[in-house]
Amino acid sequence: MYDLEAIYAERLDTDMLQAAYDAEGDRHARRMEQVRALLEAGRRDEAQDVCPHSGGYGLNGLAAAREGDPRYGQEGYRCWECGAVVDDICGVILHRD
C-alpha cells in the first residue's frame, strides 16, 4: 500500500532542507545587521565588504534612470543596502561610489 520508510525518508530530507534554509536565512540576517551597523557608524567600505549584495537594480535599466544613478547606462548592479556597484547580484564589487 504505502511505503512508510520512503515517506519517513522524504520527510526527513525535507526537514533537513528546511533547517538548512533557516540557517542560511539567519546568517544572511546577521550579515545585514552588521552592514547596517557599519553604515550607521560611517564605515562604508567595511560595510560594502561584509554586504552580501543580495538585492539592487541594474545600472542599464529604468530603475537606475529613476534613481538618478550617476552610473546609469553602465554594466553592473547597484546594491540597495550598501550602495556598491557589483558585477552581478551577490557578485564582486566593481565600484565603491
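Keep in mind that what you see is a predicted model, and the values were worked out from it rather than measured.

J.: Describe the side chain of Asp 69, with residues and values.
T.: The residue Asp 69 is located in the loop between α3 (62-67) and β2 (77-79) in this model. Of the residues examined, Asp 69 reaches a relative accessible area of 7% and is grouped as buried. Here Arg 71 takes part through its backbone nitrogen, which lies 2.8 Å from a polar atom of the side chain of Asp 69.

J.: Just give me the short version of the sheet that holds strand β4 (residues 93-95), but keep the residues and values in it.
T.: Spatial strand order, β1-β2-β3-β4: four strands in an open sheet with antiparallel pairing. Bordering the open sheet on either side are β1 (56-58) and β4, each of which pairs with just one other strand. Pairing of strand β3 (residues 85-86) with β4, which is carried by two bridges, proceeds in the antiparallel orientation. Note that in β4 the partner of Val 86 across the bridge is Ile 93.

J.: Which residues make up helix α1 (residues 4-40), and what values do they have?
T.: Given a rise of 1.5 Å per residue, 37 residues ought to cover 54 Å, and the 54 Å separating the end C-alpha atoms of α1 matches this to within 8%. Of the positions making up α1, those classed as buried are Met 32, Val 35 and Leu 38. Packed against the buried residues of α1 are α2 (44-50). Note on α1: the residue one or two positions beyond its end, Gly 42, has a positive phi of about 80 degrees.

J.: Got a sec to walk through the packing of aromatic side chains? Specific residues and values, please.
T.: A full pass over the atoms with the stated rule returns one aromatic pair. Aromatic side chains Tyr 57 and Trp 80 sit 5.0 Å apart centroid to centroid with 65 degrees between the ring planes, which places their arrangement in the edge-to-face category. Of this pair, Tyr 57 sits in strand β1 while Trp 80 sits in the loop between β2 and β3, placing them 23 residues apart in sequence.

J.: Tell me what's going on with the nonpolar core, and back it up with residues and numbers.
T.: Val 35, Leu 38, Ala 47, Val 50, Cys 51, Cys 79, Cys 82 and Ala 84 form the largest nonpolar core, which has eight residues in total. If you list the elements that add at least two residues to this core, you get α1 and α2. What Cys 51 contacts, discounting residues up to four positions off in sequence, is Arg 31, Val 35, Cys 79, Glu 81 and Cys 82.

Calculation criteria
Residues numbered from 1 in each chain as written. Predicted model: local features only at pLDDT ≥ 70, side-chain atom pairs only at ≥ 80, totals over all residues. Heavy atoms only, no water. Helix = DSSP H or I, 4+ residues; strand = E, 2+ residues; numbered from the N terminus. Buried < 20%, exposed > 50% of the residue type's maximum accessible area, 1.4 Å probe, protein only. Polar contact = N/O pair within 3.5 Å; in protein donor to acceptor, adjacent residues only side chain to side chain. Pairing = 2+ DSSP bridges. Expected span 1.5 Å × (residues − 1). Contact = heavy atoms within 4.5 Å. Phe/Tyr/Trp six-rings, centres within 6.5 Å; stacked < 30°, edge-to-face > 60°. Core = buried A, V, L, I, M, F, W, Y, C linked by side-chain atoms within 4.5 Å.

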